Amino acid sequence: MSLFEMSDRATKYRNDLLEFMDACVYPAESVYEAQMAESGNPHFQPPILEELKEQARSRGLWNLFHPNPEWGPGLTNLEYAPLAEIMGRSPQLAPEACNCNAPDTGNMEVFTLFGSDEHKEKYLKPLLEGTIRSAFAMTEPQVASSDATNVQLSMVRDGDAYVLNGRKWFASNALHANCKVMIVMGKTDPDAATHRQQSMLVVPIDAPGVTVMRGLPVFGYQDREGHAEIDFHDVRVPVTDVLKGEGEGFAIAQARLGPGRIHHCMRCIGMAERALELMCLRADSRTTFGRPISANANIRDWIAEARIDIEMIRLLTLKAAYLMDTVGNKAAQTEIAAIKVAAPNIALKIVDRAIQVHGAGGVTDDFPLAGFWAHLRTLRLADGPDEVHKRAIARQELKKYREVSQ
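Since the model is a prediction, treat every value here as computed from it, not as a measurement. Along each chain, the written sequence defines residue order, and numbers are assigned to residues from 1. Under the rules for a predicted model, residues below a pLDDT of 70 receive no local features and side-chain atom pairs below 80 are neither given nor counted, while totals for whole chains, interfaces and linings still include all residues. The side-chain values count all of the structure's non-hydrogen atoms but skip hydrogen atoms and water molecules.

### A short note on the layout of surface pockets
Keep this limit in mind: In this analysis a 1.4 Å probe is tested at points of a 1 Å grid over the protein atoms alone, and where it fits but cannot get out there is a cavity; an open set with protein on both sides within 12 Å along at least five of seven lines is a pocket; lining residues have an atom within 4 Å of a point. Grid points are joined across faces, edges and corners, and a volume is the space filled by probe spheres set on the points. Helical segments are the DSSP runs of H or I of at least four residues, strand segments are the runs of E of at least two, and each set is numbered from the N terminus. When residues are grouped by polarity, Ala, Val, Leu, Ile, Met, Phe, Trp, Tyr, Cys and Pro land in nonpolar, Asp, Glu, Lys and Arg in charged, and all others, Gly among them, in polar.
There is about 230 Å³ of room inside the second largest pocket. What lines the second largest pocket is a set of 15 residues, among which Arg 14, Leu 18, Pro 82, Glu 85 and Ile 86 lie closest to the centre. Of all the secondary-structure elements, those providing two or more residues to the lining of the second largest pocket are helix H1 (8-39), helix H3 (77-88), helix H7 (249-285) and helix H8 (297-326). With five residues, the single largest contributor to the lining of the second largest pocket is H1. Of the residues that constitute the lining of the second largest pocket, the class distribution is nine nonpolar, no polar and six charged.

### Some remarks on the pattern of salt bridges
Formally: A pairing counts as a salt bridge when a side-chain nitrogen of Lys or Arg comes within 4 Å of a carboxyl oxygen of Asp or Glu. Each residue is assigned to one of three classes by its accessible area relative to the maximum for its type, calculated with a 1.4 Å probe on protein chains only: buried under 20%, partly exposed between the two thresholds, exposed over 50%.
In this structure the tally under the stated criterion is 28 salt bridges. The partner of Arg 9 in a salt bridge is Glu 79, and the shortest N-O contact between them spans 2.7 Å. Pair noted here: Arg 9 is in helix H1 and Glu 79 is in helix H3, with a separation of 70 residues, a long-range link. For Glu 79, a relative accessible area of 11% gives the class buried. Residue Glu 19 is joined to Arg 59 by a salt bridge in which the shortest nitrogen-to-oxygen separation is 2.2 Å. Taken as a pair, Glu 19 in helix H1 and Arg 59 in the loop between helix H2 (47-58) and H3 lie far apart in primary sequence, 40 residues in all. By relative accessible area, Glu 19 is classed as partly exposed at 39%. The exposure class assigned to Arg 59 is partly exposed, which follows from its relative accessible area of 30%.

### Some words on the environment of Ser 58
Basically, it comes down to this: Here a polar contact means two N or O atoms within 3.5 Å. Within protein one must be a hydrogen donor candidate and the other an acceptor candidate, and residues neighboring in sequence count only if both atoms are side-chain atoms.
Mapping Ser 58 onto the fold places it in helix H2. Only 2.7 Å separates the side chain of Ser 58 from the backbone oxygen of Gln 55, close enough to count as a polar contact.

Shown next, in the form of structure tokens:
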């Protein structure tokens with residue numbers, strides 16, 4: 001038996017999801033684009049998406065990401081990873097259609113692990129039902145937020161409440177029509193130990209003092225869920241809305257990011273697979289100087305290299321998922337960091353070459369490639385930039401050899 005052989009239940013989910021993609025999701029992409037264009041609102045919630053959500057639920061393709069069998073199918077990271085890849089082939093539609101979209105997935109896991117009974121009733125259950133959306137507010141415009149200990153938004157205890165003041169940006173989902181709540185990371189005790197200064201609070205998006213300033217474009221795209229800049233001015237949050245406890249913000253962030261990186265990386269592979277498919281179809285259907293583009297040696301090199309690269313990064317990502325399931329996130333930290341660097345970079349290279357093969361069409365919205373490129377390039381910064389992950393990998397490697405030499 002192969003180490004990464006899929007279980008019977010994961011195989012069934014995979015087959016059902018592939019059939020859903022072919023029957024419902026891919027045909028809906030053009031409908032989605034037409035409905036978004038007609039609305040004139042980049043943050044419009046198109047009817048076709050609600051139809052897809054109903055289809056996914058009726059097929060049992062709902063909350064596939066959730067590891068707790070009380071809330072989802074209880075798949076392991078290794079079982080879920082191929083499903084995330086499939087959904088990554090249509091990132092605008094498939095993840096939300098199956099209620100497996102970020103940052104809701106991470107927020108739901110945080111509410112599951114650290115939320116109070118009230119949080120679970122008020123926010124977790126509606127998120128699991130797909131009736132509301134949520135945002136995660138950590139990144140700030142005034143500091144290098146790749147180092148979470150730099151976070152400056154102040155959370156000052158005042159009686160039975162915390163008072164929040166500061167500015168966040170790139171709070172994804174905050175402009176979604178159904179966004180109701182944020183998980184906000186800030187500084188509760190500047191004098192505590194470095195990794196005990198931060199806390200996470202649950203903040204309704206319509207709380208007094210919360211102002212959504214603007215939606216930030218990503219390479220000119222205004223994503224439907226939005227990446228918001230948000231101002232917090234004397235926002236009062238009850239102390240009962242602190243997650244896990246004061247000073248636990250950094251620990252929660254680390255717990256949240258491990259599974260999320262598997263999801264991101266497998267979706268990257270899904271985009272790379274679709275880009276390769278489009279590259280092959282385009283290369284065979286276009287001729288230059290009397291022969292198909294696919295006959296050119298450099299194009300064949302690109303196609304071959306894409307297949308090799310995809311297989312390598314998929315195996316590395318599955319290894320990371322396997323280690324997370326068997327020995328835990330901490331023991332898998334090098335592999336998790338490695339895939340976060342490798343997957344977006346490899347997928348970005350493949351998408352870039354697919355754009356080249358498509359010529360002028362590749363940079364338009366007639367094909368999904370330009371959107372893929374913008375998303376993947378952004379992912380080299382999201383959840384920590386490449387440099388931070390490389391730093392962590394190098395530190396672990398040096399540690400091994402320093403221990404041997406002592």
